[in-house]
Amino acid sequence: MSDRDLVLGRLRAALASGAHTPVEVPRDYRHTGTLDLDQLVDRLVDYRAHVHRVAEAAVADTIADILPAGGTVVVPPGLPPAWLPPTVTALPDDDLDHARIGAADAVVTAAAVAVAETGTVVLDGSPDQGRRVLSLLPDRHVCVLRAAQVVATVPEALARLAPRRPLTWISGPSATSDIELIRVEGVHGPRQLHVILLP
């Protein structure tokens, strides 16, 4: 008898015994909290993200300050055109290939929700956020977030999200550490994250 047959035999015997009663998962954890936008900003800055608190009318000017003049910016199809300054060249994502996305100076997206307690911004693939690959390949990600999209806790964020959508949870720029705990940025995504927080 092979090891595989032995393991499968034990599984079949355990299932046949009827001892597989569903386990009740406790759900008595805290679901809500007190919303604090400053906490979100503190967490994002702690994760080495850049936060810009501006009025919506100043989004284009803020992006112009962040990006080099003449730079190329990948934009999802539903991004408000008024957010882009005339100093950059927009590359609308009409199924751009990975090489063109990765060669762009930045991507500009909106967000679905953000969690103040964890400093996390969540994208859900909506038209103003685009495909997941857009937030992974360019070296710089500029994300525009409205204060009304910020919640205090993760359970509150989950309640706003559709679980079948492609969710991307972002807590600062991409970073990892090697065995000597030396931080390396940009391995799994953008090295720079700029969050433009609107009132």
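Quick summary incoming for the structure in this document.

One non-glycine residue, R48, adopts positive backbone phi at about 75 degrees. Along the chain, R48 falls in the loop between α2 (37–46) and β1 (50–53). Non-glycine residue D95 carries a positive phi angle of around 70 degrees. Tracing the backbone shows D95 in the loop between β3 (89–92) and α4 (98–103). Residue classification places D95 among the exposed residues on the basis of a relative accessible area of 63%.

Another aspect to go through is the nonpolar core. Membership of the largest hydrophobic core comes to 18 residues, with the highest contact counts inside it found for V59, I63, L67, V73, V108, V142 and I196. Residue assignment for this core shows that the elements contributing at least two residues are α3 (59–66), β2 (72–75), β4 (106–109), β7 (140–146) and β12 (192–198). By residue number, the principal contributor to this core is α3, which donates 3 residues. V41, L44, C143 and L145 belong to the second-largest nonpolar core, a separate cluster that totals 16 residues.

The rules behind each value
- Residues numbered from 1 in each chain as written.
- Predicted model: local features only at pLDDT ≥ 70, side-chain atom pairs only at ≥ 80, totals over all residues.
- Heavy atoms only, no water.
- Helix = DSSP H or I, 4+ residues; strand = E, 2+ residues; numbered from the N terminus.
- Buried < 20%, exposed > 50% of the residue type's maximum accessible area, 1.4 Å probe, protein only.
- Core = buried A, V, L, I, M, F, W, Y, C linked by side-chain atoms within 4.5 Å.

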